[in-house]
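Residue-level structure breakdown
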Number of protein chains: 2
Amino acid sequence: MNTPQATQQDVGGPASGKQRLVEAALRLAARDGTTLSAVGLREMAREAGLNHNTFYRHFRNAEDLVGAAAEEIAAQLMVGLKAVRQSAARHADATVGAVEYFLDFVEANPDVIVVGTRELHSLASPMRAVLQRVLETIAQESVAQITSQNLVKLESREQLFQVSLDITRYMFSHGLDLIDRPQDRRVIAAKLVAHIRRQFLGSIAVQQLEARKQLET
Amino acid sequence: MNTPQATQQDVGGPASGKQRLVEAALRLAARDGTTLSAVGLREMAREAGLNHNTFYRHFRNAEDLVGAAAEEIAAQLMVGLKAVRQSAARHADATVGAVEYFLDFVEANPDVIVVGTRELHSLASPMRAVLQRVLETIAQESVAQITSQNLVKLESREQLFQVSLDITRYMFSHGLDLIDRPQDRRVIAAKLVAHIRRQFLGSIAVQQLEARKQLET
DNA sequence: ATTCAAAGTAGCCAACTGTATACCTAACTG
DNA sequence: CAGTTAGGTATACAGTTGGCTACTTTGAAT
């Protein structure tokens, strides 16, 4: 039949075929609770409204698609969470702000969280390494912001990074809970805030403890 | 052909058909990095060395199998981590002991961790709820042990539980890192220990802060 | 205006999947 | 001992899958 086609350079238009395939893959993986690599070419082409052979025009393997999806998710996370951080900085309580804006992001981009958390915990997935680097980068940017605003009695830069990384991972993982039980947003938010406070205070306490130990010698 | 059979009540013998199917499913899910529900009846029967129809003698659906696998993993985790906790209590430093024995458990049961962490982060999986309850139970038992030995200036029982739960989840998730990079055991152990210390100290600090606040009013 | 490559389509194939029906056999039960 | 049943097997079927080759359309460059 050969229905109408288009060679748009995406910008604005109804998304290029490649993009549509990636989005379809994410949608299906999120809906069916499968790993990205288990989605199947044909199903995903169907979901994207394309012939199944079109897949091969854009990707070699299924693994190749996962790589592209990883880039997509990474990009969305980077810009989304950057916005979260900046909004949080203008909030009366930066911690509460970070949590609330983050949960807004989760509600607006559930697929990213659903697929992202699962792939992050799948050893075989090529996306895992990408996501780990994304979380590290976000943590590093948080450290920069925290130190520049003197939000926390600084401690060793390395410790601050570890804490930020743990918090970032914690929030990421617990985004799932919000998607699972949207009506529990308030208690989830409270737990996140409590966790963050505990981490920072604990970090300071550890620092003091080590300083005291060093004095004793 | 109809090869020899047996109606053993498992105990000791070479495992019942049901058991063998569950084990095969876990092995395959761990090996291929897929979700349990994506393993496929035939492949799993093949791995178990059984005819594919035998599956239906033991399970109705694929979902049914996942449920049984959940029970299996839950049981292994409960007994394994109980042993970890008890060994840790006899260690000079309970925290270091808990971490080291836990990592031993991870190295001895990689499939449980690999599959467990992935299913725990899969919304659709019936195993997720089971694992959440397992982690909660383990956290509660830890609380009991901690209070009975007066290891931590007690704080509110509820706070202690939250901290234990966070720590349990943290360790569980980071078991994957050990499987991913077995040569990094020492740094992973160090990070786990640091995290646990930070959590407990942070929890105490939060408690003190709140007490002080209450005095001011 | 012609050429050309990129993006899409169509149809085919062998392999595999889940499921259903029918058959076999060991062990327990009356 | 006869009967029943739980666990195992064989075979068949329709639907799906990944991958192949061959054709068509499109937009852009020459």
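Residues numbered from 1 in each chain as written. Chains lettered and ligands numbered in written order. Predicted model: local features only at pLDDT ≥ 70, side-chain atom pairs only at ≥ 80, totals over all residues. Heavy atoms only, no water.

Per an unreviewed UniProt entry, chain A carries the name HTH tetR-type domain-containing protein and comes from Stenotrophobium rhamnosiphilum.

Every contact between the two is made by 34 residues of chain A and, on the other side, 34 residues of chain B. Summing both partners gives a buried area of about 2900 Å² for chain A against chain B, and 56% of it is carried by carbon and sulfur. For chain A, the biggest contributors to the area lost against chain B are His121, Leu123 and Arg198 of chain A; these three give 24% of the whole. Where chain A touches chain B, the interface holds six salt bridges. Asp177 of chain B serves as the salt-bridge partner of Arg128 of chain A, at 3.1 Å between the closest nitrogen and oxygen. Applying the counting rule to chain A against chain B returns 18 residue pairs in polar contact (both at pLDDT 80 or more). Listed by contribution, the elements that provide at least two residues to the side of chain A that touches chain B are α6 (110-120), α7 (126-148), α8 (157-180) and α9 (185-216) of chain A. (Contact = heavy atoms within 4.5 Å. Buried area = accessible area lost by both parts, 1.4 Å probe. Salt bridge = Lys/Arg side-chain N within 4 Å of Asp/Glu carboxyl O. Polar contact = N/O pair within 3.5 Å; in protein donor to acceptor, adjacent residues only side chain to side chain. Helix = DSSP H or I, 4+ residues; strand = E, 2+ residues; numbered from the N terminus.)

Attention shifts here to the relation of the copies chain A and chain B. The two copies are related by a screw operation: chain A maps onto chain B through 180° of rotation and 0.0 Å of translation along the axis, at an RMSD of 0.0 Å. Between the two chains, the operation in question is that of a two-fold axis. Measuring from the rotation axis to each C-alpha of chain A, the shortest distance belongs to Gly202 of chain A, at 1.6 Å. A shared interface surface links the copies, since 100% of the contact residues of chain A are contact residues in chain B too. (Least-squares fit on C-alpha atoms with pLDDT ≥ 70 in both.)

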